[in-house]
Amino acid sequence: MIQNPIPWPNGARCACAITFDMDADSLIHIARPEDSFDRVYPISMGQYGPKVAMPRILETYRRLGLKQSFFIPGWCLDTYPDTVDAILKGGHEIGHHGWIHEDPIATKGAPQEEAFGKAMDAHMRRVGKAPAGYRAPVYNVTQQVLDLLVEHKFRYDSSLMGDDIPYRMETGPGALYEMPVHWGTDDWPPFAHYDEIGYMMPVRGPSAGLSAFWEEFEAQYAAGGFFMLIVHPFLTGRLARWRLVEQWLEETLDTRNVWFATLSEIADHLDALTADGFDLRTDQLPYYTEPQR
């Protein structure tokens, strides 16, 4: 059901990545900048991610021997340095996720370039190197952002929805891999309830909310595809939800032929495949250069 499936290392049936966007309380500060400092409830909800959920998540990964990818706004890198250090100590990857979770569409032009640069500076300051990957806040990639990624020699983006498996994007003077997302494997629809930023989803129980993810995995596994979750520590890192994810990880590692990898490791694998002549599907961007009416 997948045309031209990617052969995964060691004959694995499916590549898997459980990626986290650690937005913490950046969400309330970008949404309500005039008085966010005094909105104690949403601050506490966001801070649950780095303070409570992240130690739990990292311990699971340590125990199971997993290395995974985290996307963190630059403001959060500066605000939660101990959490950043713990992620790096575990051998995980940290990707670019804007400065303070600003929407690239709402900040087109000079504001977006400034925010992008501030986040790059935070990576050099806190991570010690430039990021290899990027995920746009609210997935709102623009051509400006793609050009910035090429300019700064990023290897991949993980914001678009153009395929079931990784593909290549050629844009202007360069190219990137795309590690595609979609809302069916994002924890925002089943678990986000956040009036201050305009999301009032009906919160589902842990089993009901997560069950759709496992159905997505089964389809990808059957097709030899790519399964990636896009989740948030303050949502999926909650106790009952993470307990079920941990159980799924244990069972999957024991019973399935899968390759868990960071997205940079997947990019490394794609480099090797294409160097050997594998024909990875390629999109030419920009898709359009003017309004379509």
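Our structure is the block above this text.
Every value quoted in this text rests on a predicted model; they were computed, and no experiment measured them.

(A) Up close: the side chain of Asp25. Among the secondary structure elements, Asp25 is positioned in the loop between β1 (14-21) and α1 (26-31). No salt bridge is formed by the buried Asp25, whose closest oppositely charged neighbour, Lys51, lies at an N-O distance of 7.8 Å. Setting aside anything within four residues of it in sequence, one finds Asp25 in contact with Ile43, Gly46, Gln47, Trp75 and Tyr80.

(B) Just the packing of helix α2 (residues 40-64) against helix α9 (residues 239-255), in detail. For the pair α2 and α9, the least separation of the axes is 11 Å and the interaxial angle reads 15°. It follows that α2 is roughly parallel to α9 by the angle criterion. Seen from above, α2 lies across α9 with right-handed handedness. Residue-level inspection shows Tyr48, Arg56, Ile57, Thr60, Tyr61, Arg63 and Leu64 of α2 in contact with α9, the latter providing Leu239, Trp242, Glu246, Leu249, Glu250 and Leu253. Looking at side-chain class alone, the contact of α2 with α9 contains eight nonpolar, one polar and four charged residues.

(C) View of the packing of helix α8 (residues 206-223) against α9. Contact pair α8 / α9: the axes reach a minimum separation of 9 Å and the direction vectors enclose 30°. Here α9 runs roughly parallel to α8, going by the angle between their axes. Crossing of α8 over α9 shows right-handed handedness. Between α8 and α9, the contacting residues are Pro206, Ser207, Leu210, Trp214 and Phe217 on the first element and Ala240, Arg241, Leu244, Val245, Trp248 and Thr252 on the second.

(D) Geometry of helix α10 (residues 263-275). For α10, built from 13 residues, the straight-helix expectation of 18 Å at 1.5 Å per residue is met to within 8% by its first-to-last C-alpha distance of 18 Å. Taken together, the buried positions of α10 are occupied by Leu263, Ser264, Ile266, Ala267, His269, Leu270 and Leu273. Positive backbone phi, approximately 105°, marks Gly277, located one or two places after α10.

(E) Highlighting the nonpolar core. Residues Ile18, Tyr61, Phe70, Phe227 and Leu249 are the most contacted members of the largest nonpolar core, which totals 51 residues. The greatest single-element share of this core, amounting to eight residues, is contributed by α2. Apart from the residues within four sequence positions on either side, Ile18 is in contact with Tyr61, Gln68, Ser69, Phe227, Leu229, Val231, Trp248, Leu249 and Phe260. By size, the runner-up hydrophobic cluster in this structure holds 25 residues, among which are Ile2, Tyr156, Ile165 and Val181.

(F) How the structure looks around the packing of aromatic side chains. Tallied over the entire structure, the rule returns 19 aromatic pairs. Between Trp214 and Trp248, the aromatic rings sit 4.6 Å apart at their centres with planes inclined by 5°, giving stacked as the arrangement. Here Trp214 is found in helix α8, whereas its partner Trp248 is found in helix α9, with 34 residues between them in sequence. Chaining the aromatic ring pairs together yields one cluster made of Phe213, Trp214, Phe217, Tyr221, Phe227, Trp248 and Phe260. Note that Arg241 overlies the ring of Phe191, its terminal NZ or CZ placed 4.0 Å from the centroid. A cation over a ring is seen here: Arg256 above Tyr221, with NZ or CZ 4.9 Å from the ring centre.

(G) Fine view of unusual backbone geometry. Cis geometry is adopted by the peptide bond preceding Pro286, which originates at Leu285 and carries an omega value of 5°. One can find Pro286 in the segment after β12 (282-285). Phi is positive for Asn4, close to 55°, though the residue is something other than glycine. Along the polypeptide, Asn4 turns up in the segment before β1. Although it is not a glycine, Ala24 adopts a positive phi angle of roughly 50°. Within the secondary structure, Ala24 is located in the loop between β1 and α1.

(H) Summary view of the pattern of salt bridges. One pass over the structure, following the stated rule, counts 13 salt bridges. Of the charged contacts, one joins Arg62 and Glu59 as a salt bridge, the two residues approaching to 2.7 Å between their closest N and O atoms. Linking Arg62 with Glu59, this pair stays in helix α2, spanning three residues, or about one helical turn. The exposure class assigned to Arg62 is exposed, which follows from its relative accessible area of 55%. In this structure, the salt-bridge partner of Asp78 is Arg126, at a minimum N-O distance of 3.0 Å. Residue Asp78 is found in helix α3 (residues 74-79), and its partner Arg126 is found in helix α5 (residues 110-127); the two are separated by 48 residues along the sequence. For Arg126, a relative accessible area of 34% puts it in the partly exposed group.

Criteria and cut-off values
Residues numbered from 1 in each chain as written. Predicted model: local features only at pLDDT ≥ 70, side-chain atom pairs only at ≥ 80, totals over all residues. Heavy atoms only, no water. Helix = DSSP H or I, 4+ residues; strand = E, 2+ residues; numbered from the N terminus. Buried < 20%, exposed > 50% of the residue type's maximum accessible area, 1.4 Å probe, protein only. Lys, Arg positive; Asp, Glu negative; His and termini not counted. Salt bridge = Lys/Arg side-chain N within 4 Å of Asp/Glu carboxyl O. Contact = heavy atoms within 4.5 Å. Axes fitted to C-alpha atoms, helices over the stretch in contact; angles between N-to-C directions. Parallel < 35°, antiparallel > 145°, perpendicular 65-115°, else oblique. Left-handed = near helix turned anticlockwise from the far one by under 90°. Nonpolar A, V, L, I, M, F, W, Y, C, P; charged D, E, K, R; others polar. Expected span 1.5 Å × (residues − 1). Core = buried A, V, L, I, M, F, W, Y, C linked by side-chain atoms within 4.5 Å. Phe/Tyr/Trp six-rings, centres within 6.5 Å; stacked < 30°, edge-to-face > 60°. Lys NZ or Arg CZ within 6 Å of the ring centre and 35° of its normal.

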